[in-house]
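Structural description and commentary
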Amino acid sequence: MRFFLQYVGCFFAFFSAGFLITSTWTDCWMVNADDSLEVSTKCRGLWWECVTNVFDGIQTCDEYDSIYAEHPVKLVLTRAMMITADILAGFGFLFLVLGLDCVKFLPDEPLIKLRICLVSGVMLLLAGLPGITGSVWYAVDVYVERSSLVFHNVFLGIQYKFGWSCWLGMAGSLGCFLSGSLLTCCMYLFRETSSGRFHPAYSSRKGYSSAATIVTNVHLPSSQTATAKMYAVDTRV
């Protein structure tokens, strides 16, 4: 069962880290909502904005200003949270790979490998927190902005809704939560079993060696006494 949980957690961790990284570096966090009135699809990401012609598929992208320039708070904080989630998820997946039993890393230390899996689970849980916060906050901000314009009957020509990059960020964050939960909560239940499996063997070996030492020490004086008696008999003769 422990092996199955490791592989399931690795599966979710791989795709979750991939979803988070893809969502961070793609350009469709916001997409225009009035597709029927437009001849092009406009997408906005965290780093650039792209316009794609719906007829010939030609795409034109414009990068935002330097990171040192003034940007909306929503954009800056979402960037920071998504990059943090990418780093934590990436390292969590790498640690999990090292902790798998099928990987020949520390093959004689099963307890250490189990702790590595627990550490990777904690890192994946931490990765899901900024990922889901940044994705949901961005989506809610886009929805509130659009709803306020509709409520006040303001039409600016282009209205946006959150796109597939934002959905990928949410999916990757939820996958990190699921993978981290499997590796921390469920794998913790097997730690006591593994500890009981390996420590008694060590104790039995230790007890056996101690018993052998005692037996040797018990027999040693008797042999010395017999030798002394023989020496005494030879001396009398």
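Everything here concerns the structure above.
Procedures and definitions
Residues numbered from 1 in each chain as written. Predicted model: local features only at pLDDT ≥ 70, side-chain atom pairs only at ≥ 80, totals over all residues. Heavy atoms only, no water. Helix = DSSP H or I, 4+ residues; strand = E, 2+ residues; numbered from the N terminus. Buried < 20%, exposed > 50% of the residue type's maximum accessible area, 1.4 Å probe, protein only. Contact = heavy atoms within 4.5 Å. Areas by Shrake-Rupley, 256 points an atom, 1.4 Å probe, with all protein chains shown as cover. Pairing = 2+ DSSP bridges. Axes fitted to C-alpha atoms, helices over the stretch in contact; angles between N-to-C directions. Phe/Tyr/Trp six-rings, centres within 6.5 Å; stacked < 30°, edge-to-face > 60°. Lys NZ or Arg CZ within 6 Å of the ring centre and 35° of its normal. Core = buried A, V, L, I, M, F, W, Y, C linked by side-chain atoms within 4.5 Å. Disulfide = S-S within 2.5 Å.

Now for the overall build of the protein chain. When you go through the protein chain residue by residue, the secondary structure sums to four helices and five strands. Traced from its N-terminal end to its C-terminal end, the protein chain shows the element sequence α-β-β-β-β-α-α-β-α. Each of the 237 residues in the protein chain was classed as buried or not, and the buried ones make up 35%. Once local pairs closer than 6 in sequence are excluded, the contacts in the protein chain between residues at least 24 apart make up 67%. Here the protein chain has roughly 14500 Å² of accessible surface; of this, 69% comes from carbon and sulfur atoms.

Strand order in the open sheet formed by five strands is β4-β3-β2-β1-β5, and the pairing between neighbours is antiparallel. In the strand order of this sheet, the two ends are held by β4 (59-63) and β5 (160-162), each with one partner. When strand polarity is set aside, the average angle formed by the axes of neighbouring strands in this sheet is 20°. Looking at chain direction, strand β2 (residues 40-44) and strand β3 (residues 48-53) are connected through five bridges and run antiparallel. Following the sheet pairing, K42 is matched in β3 by V51.

Before going further, it helps to spend a moment on the packing of aromatic side chains. With the rule as written, the count across this model stands at seven aromatic pairs. Centroid distance F14 to F93: 5.6 Å. Interplanar angle 50°. Geometry classified as tilted. Taken as a pair, F14 in helix α1 (residues 2-24) and F93 in helix α2 (residues 73-99) lie far apart in primary sequence, 79 residues in all. Owing to a relative accessible area of 19%, F93 belongs among the buried residues under this scheme. Site record: aromatic cluster; members linked through ring pairs are F11, F12, F14, F15, F19 and F93. Sitting over the ring of Y138, K74 keeps its end group 4.8 Å from the ring centre.

What follows concerns the nonpolar core. Judged by nonpolar contacts, the single largest core of 27 residues is most densely connected at L20, W29, L46, A89, L96, Y138 and C176. Counting residues per element, this core draws most heavily on helix α3 (residues 110-151), at seven residues. Not counting the four nearest positions on each side in its chain, L46 is found in contact with T24, T26, W29, Y64, L75, T78, R79, M82 and Y138.

Another aspect to go through is the state of the cysteines. Enumeration according to the criterion identifies one disulfide in this entry. The disulfide partner of C50 is C61, and the S-S distance across this bridge is 2.0 Å. As the torsion about the S-S bond is roughly 105°, the C50-C61 disulfide counts as right-handed. Taken together, the residues C50 in strand β3 and C61 in strand β4 connect sequence positions 11 residues apart. Exposure remark for C61: the relative accessible area of 39% places this residue in the partly exposed category. The structure places no disulfide on C28, whose sulfur is separated from the nearest cysteine sulfur, that of C43, by 3.0 Å. Among the residues examined, C28 registers a relative accessible area of 5% and is labelled buried.

Turning our attention to the pairing of β3. Where β2 hands over to β3, the hairpin turn is made up of three residues, counted between the paired strands. Bridge count for β3 against β4 is five bridges, and the pairing is antiparallel. Bridging from a neighbouring strand, C50 pairs with C61 of β4. Where β3 hands over to β4, the hairpin turn is made up of five residues, of which G57 adopts a positive phi near 75°.

Moving on to the environment of F11. Structurally, F11 is set in helix α1. Taking the C-alpha atoms as reference points, F11 and G175, 164 residues apart in sequence, are found 9.6 Å from one another.

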